[in-house]
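Architecture and fold: a report
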Amino acid sequence: MSALRPGVHVLSCPTRWSDVDENGHINNARLVGYVQEGIYDLFCHHTTAVRESLFPSGFIIARHEIDFLEQLHHRPEPLSVRLTVERLGRSSAHVVVNVCRDLLTFMRARTVVVARDRESGRSRKLSSNERRFLAAFMPDAVRAVAVPPTAPPTTPPQRAVARSSASLPHRPRRRCRASAA
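Below or above, wherever it landed, is the structure these notes cover. Throughout, a residue's number is its position along its own chain's written sequence, starting from 1. For a predicted model such as this one, the threshold for reporting local features is a pLDDT of at least 70, and the threshold for listing and counting side-chain atom pairs is 80 or more; totals across whole chains, interfaces and linings nevertheless cover every residue. Only heavy atoms go into the side-chain values, all of them from the structure, while hydrogens and water stay out.

Here a salt bridge means any side-chain nitrogen of Lys or Arg lying within 4 Å of a carboxyl oxygen belonging to Asp or Glu. A full pass over the atoms with the stated rule returns 9 salt bridges. When the shortest N-O distance is used, the salt bridge between E52 and R51 registers 3.9 Å. When accessible area is computed with a 1.4 Å probe and restricted to protein chains, residues below 20% of their type maximum are described as buried, those above 50% as exposed, and intermediate ones as partly exposed. For E52, a relative accessible area of 37% gives the class partly exposed. Note that E130 is salt-bridged to R124, the shortest N-O span being 2.7 Å. The exposure class assigned to E130 is buried, which follows from its relative accessible area of 2%. It is possible to trace a salt-bridge network through shared partners that takes in R16, D19, R30 and E37.

So, in C-alpha cells, the structure goes:
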C-alpha cells in the first residue's frame, strides 16, 4: 500500500522508448501491459501476499474494461499504476487500475481477477486470508460489507410453531440460488 494513499496499491512503472508507436505516443497494447504489471505486483509481489503465501495457484484475468483518457508520451518520470479493489466476489476481485503521471490519469481499467485452482485450472473460492488482504485495498464503506467480522455466527432463538400436520400439506423446500452475475 502507498503511504500517501492508504487503501491503494501503487506500482512505479517506467515507460520505455520501445513502448512508443509510430504516432509518437505509448501504444495502447503497452498500456494494458502496465495494468497487468500492477495486478501481478499486487497479487504476487506485495509483502503480505508473499509472506502469507496467498494465491498459491495464481490467478487469471477474466475481464478488462479499458478507457483510454489521454495520449501518453515517453518521459523519464515513471508512471504511477494505482490499484484499488472495487468489489469482492466468491472467487474474484474487481480491481480498478488508474495509470497516472503527475495529476493526469491516462488510462482507467476495471479488471476482474479470478483465483485459480492449479489442478483443475478452474476458479476457486477466495480464502478468508485472501479476502482480508484484498479488502485492505477497498474504500472503507465498501470494505465493511465485503469482509464481515470474524465473530462466530449466532443462532437466533427458535420460535415454537404449533402446526397440525393434517391441516397443512407437506411441501418440499425450494432452494434459491443467486445468479452469478
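This paragraph deals with the packing of aromatic side chains. The rule is short: rings of Phe, Tyr and Trp, with Trp giving its six-membered ring, pair when the centres are within 6.5 Å, and they are stacked under 30 degrees, edge-to-face over 60, tilted in between. All chains considered together, the criterion is met by 4 aromatic pairs. Look at F43 and F55: their rings are 4.7 Å apart centre to centre, the planes differ by 55°, and that puts the pair in the tilted class. Separated by 12 residues along the polypeptide, F43 in helix α1 (residues 28-45) and F55 in the loop between α2 (47-51) and β2 (59-68) bring together distant segments of the chain. Take F43: its relative accessible area is 3%, and that puts it in the buried class. Ring centres 4.9 Å apart and planes at 45° place the aromatic pair F43 and F59 in the tilted group. Of this pair, F43 sits in helix α1 while F59 sits in strand β2, and the two are 16 residues apart along the sequence. Aromatic rings pair up to connect F43, F55, F59, F133 and F137 into one cluster. Put simply, DSSP marks the helices as runs of H or I at least four residues long and the strands as runs of E at least two long, and each gets a number from the N terminus on.

Turning our attention to the sheet that holds β2. The pairing criterion for strands is at least two bridges between them, as found by DSSP. Spatially, the 5 strands line up as an open sheet ordered β1-β3-β4-β5-β2, and their pairing is antiparallel. The outermost strands of the open sheet, each flanked by one partner alone, are β1 (9-13) and β2. When the angles between neighbouring strand axes are averaged without regard to direction, this sheet yields 25°. For helices, the axis comes from a line fit to the C-alpha atoms of the stretch in contact; other axes are also lines fit to C-alpha atoms, and the angle between any two N-to-C directions lies between 0 and 180 degrees.

The next subject is the environment of L104. Tracing the sequence through the fold places L104 in strand β5 (residues 104-115). Accessibility expressed as a relative area gives 40% for L104, which makes it partly exposed. Distance in space between the C-alpha atoms of L104 and L72 is 9.8 Å, their sequence separation being 32 residues. Contacts: residue pairs with any heavy atoms within 4.5 Å of one another. With near-sequence residues (within four places) excluded, L104 lies in contact with E70 and V99.

Turning our attention to unusual backbone geometry. In this model, S53 sits at a positive phi of 50°, which is unusual for a non-glycine residue. With phi around 55°, D102 is a residue other than glycine that occupies positive phi space. Relative to the helices and strands, D102 resides in the loop between β4 (92-101) and β5.

This part takes up the nonpolar core. Within this scheme, the nonpolar core is defined by two criteria: the residues are buried Ala, Val, Leu, Ile, Met, Phe, Trp, Tyr or Cys, and they are joined through side-chain atoms within 4.5 Å. Within the largest apolar cluster, 35 residues are counted, with the highest numbers of intra-cluster contacts made by Y34, I39, F43, L88, V97, F133 and L134. Of all the secondary-structure elements, those providing two or more residues to this core are β1, α1, β3 (79-88), β4, β5 and α3 (128-135). Of all the elements, α1 adds the most residues to this core, at 7 residues.

Another point: the environment of H74. As for its placement among the helices and strands, H74 is situated in the loop between β2 and β3. Residue classification places H74 among the partly exposed residues on the basis of a relative accessible area of 31%. Taking C-alpha positions, H74 is 8.8 Å from P14, a pair spaced 60 residues apart along the chain. In this view, H74 contacts T15, R16, W17, V20 and I26; residues no more than four positions away in its chain are not counted. As used in this structure description, the phrase polar contact means that two N or O atoms lie within 3.5 Å; if the pair is within protein, one of them must be able to donate a hydrogen and the other to accept it, and residues adjacent in sequence are counted only when both atoms belong to side chains. Within the structure, H74 has its side chain in polar contact with the side chain of T15 (distance 2.8 Å).

Any functional reading would require information that these geometric values do not contain.
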